[in-house]
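Fold and contact review
Here's the letter readout for the chains.
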Amino acid sequence: MKHALIGAVAGILFASSALATEIETKSLEELYAEAVAEGGELVIRAGGDKDDQADYYLDMFKERFPEINVTHSVDLSFYHASRYDNARNDADKSDVPDVIQLQTLDDYDYYAERGLLERYKPKNWEKVYPDYKDPHGRWIGLFGVAFTNVFNSDLINEDDAPRDALDYLNPALKGKIILTYPHTDDAVLYQFWNLKEQYGWEYLEQLVATEPTWVRGTSMPYVAIDNGWYGASFTTSWAFVPFEGSDTRLVLPEEDYFLTWFQTAAIPTDAKHKAAAKLYLNWMLSEEFQGKWLQFPVRMDVESPDGYKSHLHYNTSPADFHRFMLKRDQVERFRLQIEQLVGPAEGPAPLELDYSVKP
């Protein structure tokens, strides 16, 4: 009986290993040929709050693979997720995208548990930080995004630029701070959660009392700072290496915790152009792209730009953000508390903002 049981267990383990998802071995050129033979179409739904946010990397992809016709849209991740939910329930599933690329990390757990994501491990899978990929290949991080201190060096000297939370209470900065409504964006809400945990509600009350300019979406703060309309924000992002001709700079906190997450992607099981989707994931994980990313790469063997170390050397944790996103009861309760403190979000939705006008 004992031997029979051991044999049965061994058989199950063997079967499981036989079904394990293998890491891709084909070259980008081979995958490109397969994507072209499939029809050369690729549909991507990318999370974001400004319609040109994906242009930086998609323009590179289009130039590298000119025979692939890329159709993409940028919108808030929870809208893309709900559209995917509707599309997969349609009989013909014609609106199911080939790649979903979302900030709402909890959605991947939901979809994975229901068998709605393709099991696929792109080439260089083993070089991606372990916390930022599903072990079964159902989703994977593509690139790191840090929300932290961004300031205009023409308006605020670097020595005076706010780095830690208490710096934003400086009366000299009154009228120069622009922040995203935290209850409209889970990433910003997470930042405020950590401020509350570190400094208590009193700090949040003091911050609100400084009367910063509040906007919807995380893109307007960096646009407004780069245009010289405002001096600083911590609810937005920027490249580690300053763009030529720009006075905008990103600086990490000296003491405080800051937000980083890896923008994550998956291939829906009902995707119609899986060869093109696989090409896209493999290119995004290639050294060719990772070495050109503006902030933290997702690969352990690729260095961050401008002498920055990996995210592991700083006071930040993408894995903790993922855990926060999974605690939906806590998130929604805190969202309502913050709205009571800050007030209801006013103004146009992020994708409807006029970025040529000072908010």
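These lines cover the structure that appears in this document, whether it is placed above or below. Here the residue index of a chain counts from 1 through its sequence in written order. Reporting in this predicted model follows two pLDDT cut-offs: at least 70 for local features of residues, and 80 or more for side-chain atom pairs to be given and counted; totals over whole chains, interfaces and linings ignore these cut-offs and use all residues. Side-chain metrics in this entry use all non-hydrogen atoms of the structure; hydrogen atoms and water are not considered.

**Section: empty space enclosed by the protein**
- Whether a set of points on the 1 Å grid over the protein atoms alone is a cavity depends on a 1.4 Å probe fitting there but being unable to get out, while an open set qualifies as a pocket with protein on both sides within 12 Å along at least five of seven lines; lining residues are those with an atom within 4 Å of a point. Grid points are joined across faces, edges and corners, and a volume is the space filled by probe spheres set on the points. Scanning the model with the defined rule gives two cavities of 30 Å³ or more in all.
- Its volume calculated, the largest cavity comes out at about 80 Å³.
- Forming the boundary of the largest cavity are Leu 105, Asp 131, Tyr 132, Trp 139, Gly 141, Trp 261, Phe 262, Thr 264, Pro 318 and His 322.
- In this text, helices come from DSSP runs of H or I with a minimum length of four residues, and strands from runs of E with a minimum of two, each type numbered from the N-terminal end. Listing elements by their share of the lining of the largest cavity, those giving two or more residues are strand 9 (259-266) and helix 11 (318-326).
- Here the element with the most residues in the lining of the largest cavity is strand 9; it accounts for three residues.
- Here the term charged refers only to Asp, Glu, Lys and Arg, the term nonpolar to Ala, Val, Leu, Ile, Met, Phe, Trp, Tyr, Cys and Pro, and the term polar to all other amino acids, Gly among them. Its residues placed into classes, the lining of the largest cavity shows six nonpolar, three polar and one charged.
- By volume, the second largest cavity amounts to about 50 Å³.
- What lines the second largest cavity is simply Glu 118, Tyr 120, Trp 125, Gly 137, Arg 138, Trp 139, Ile 140, Ala 265, Ala 266, Ile 267 and Leu 281.
- Looking at the lining of the second largest cavity residue by residue, the class counts come to eight nonpolar, one polar and two charged.

**Quick look at the layout of surface pockets**
- The computed volume of the largest pocket comes to approximately 930 Å³.
- Around the largest pocket, the lining is made up of 40 residues, and of these Gly 48, Asp 49, Gln 53, Val 145 and Thr 218 lie nearest the centre.
- Elements with a contribution of two residues or more to the lining of the largest pocket: strand 1 (41-47), helix 3 (55-64), helix 4 (77-89), helix 5 (105-113), strand 4 (140-152), helix 8 (219-226), strand 9 and helix 12 (328-342).
- For the lining of the largest pocket, a count of residues per class yields 17 nonpolar, 13 polar and 10 charged.
- The wall of the second largest pocket is formed by 21 residues, among which Ala 165, Leu 195, Asp 256, Tyr 257 and Phe 258 lie closest to the centre.
- When residues of the lining of the second largest pocket are traced back to their parent elements, those giving at least two are strand 4 and helix 6 (186-199).
- If you tally residues by element for the lining of the second largest pocket, the top one is helix 6, at seven residues.
- Across the lining of the second largest pocket, the residue classes tally to 12 nonpolar, five polar and four charged.

**Description of the side chain of Thr 104**
- Mapped onto the secondary structure, Thr 104 falls in the loop between strand 3 (99-102) and helix 5.
- On the accessibility criterion, Thr 104 (6% relative accessible area) is buried.
- Each polar contact in these results corresponds to two N or O atoms within 3.5 Å; when the atoms are within protein, one needs to be able to donate a hydrogen and the other to accept it, and residues that are neighboring in sequence are counted only if both atoms are side-chain atoms. A polar contact of 2.6 Å, which involves the side chain of Thr 104, links it to the side chain of Asp 107.
- We call two residues in contact when some of their heavy atoms are within 4.5 Å. Apart from residues no more than four positions distant in its own chain, Thr 104 is found in contact with Ser 77, Phe 78 and Met 325. Burial classes follow relative accessibility: with a 1.4 Å probe on protein chains only, a residue under 20% of its type's maximum area counts as buried, one over 50% as exposed, and anything between as partly exposed.

**Considerations on the nonpolar core**
- Residues Leu 42, Tyr 57 and Tyr 280 are the most contacted members of the largest nonpolar core, which totals 91 residues.
- Those residues in contact with Tyr 57 that lie beyond four places of it in its chain are Ala 46, Gln 101, Phe 143, Tyr 280, Trp 283, Met 284, Phe 289 and Trp 293.
- Within the second largest apolar cluster, 19 residues are counted, among which are Ala 146, Val 223, Phe 258 and Tyr 308. Definition of nonpolar core: a set of buried residues of the types Ala, Val, Leu, Ile, Met, Phe, Trp, Tyr and Cys, connected through side-chain atoms within 4.5 Å.

**Details of the pattern of salt bridges**
- Should a side-chain nitrogen of Lys or Arg be within 4 Å of a carboxyl oxygen of Asp or Glu, the pair is scored as a salt bridge. Tallying each qualifying case throughout the model produces 19 salt bridges.
- Across the pair Asp 85 and Arg 88 runs a salt bridge, and its minimum N-O distance is 3.4 Å. One end of the pair is Asp 85 and the other is Arg 88, both in helix 4 and three residues apart, which spans about a single turn.
- Since its relative accessible area comes to 16%, Arg 88 is described here as buried.
- In this structure, Arg 299 engages Asp 301 in a salt bridge whose closest nitrogen and oxygen atoms are separated by 2.7 Å.
- What makes Arg 299 buried here is its relative accessible area of 2%.
- Exposure remark for Asp 301: the relative accessible area of 42% places this residue in the partly exposed category.
- Salt bridges here are not isolated pairs; linked through shared partners, they connect Asp 106, Asp 186, Arg 328, Glu 332 and Arg 335.

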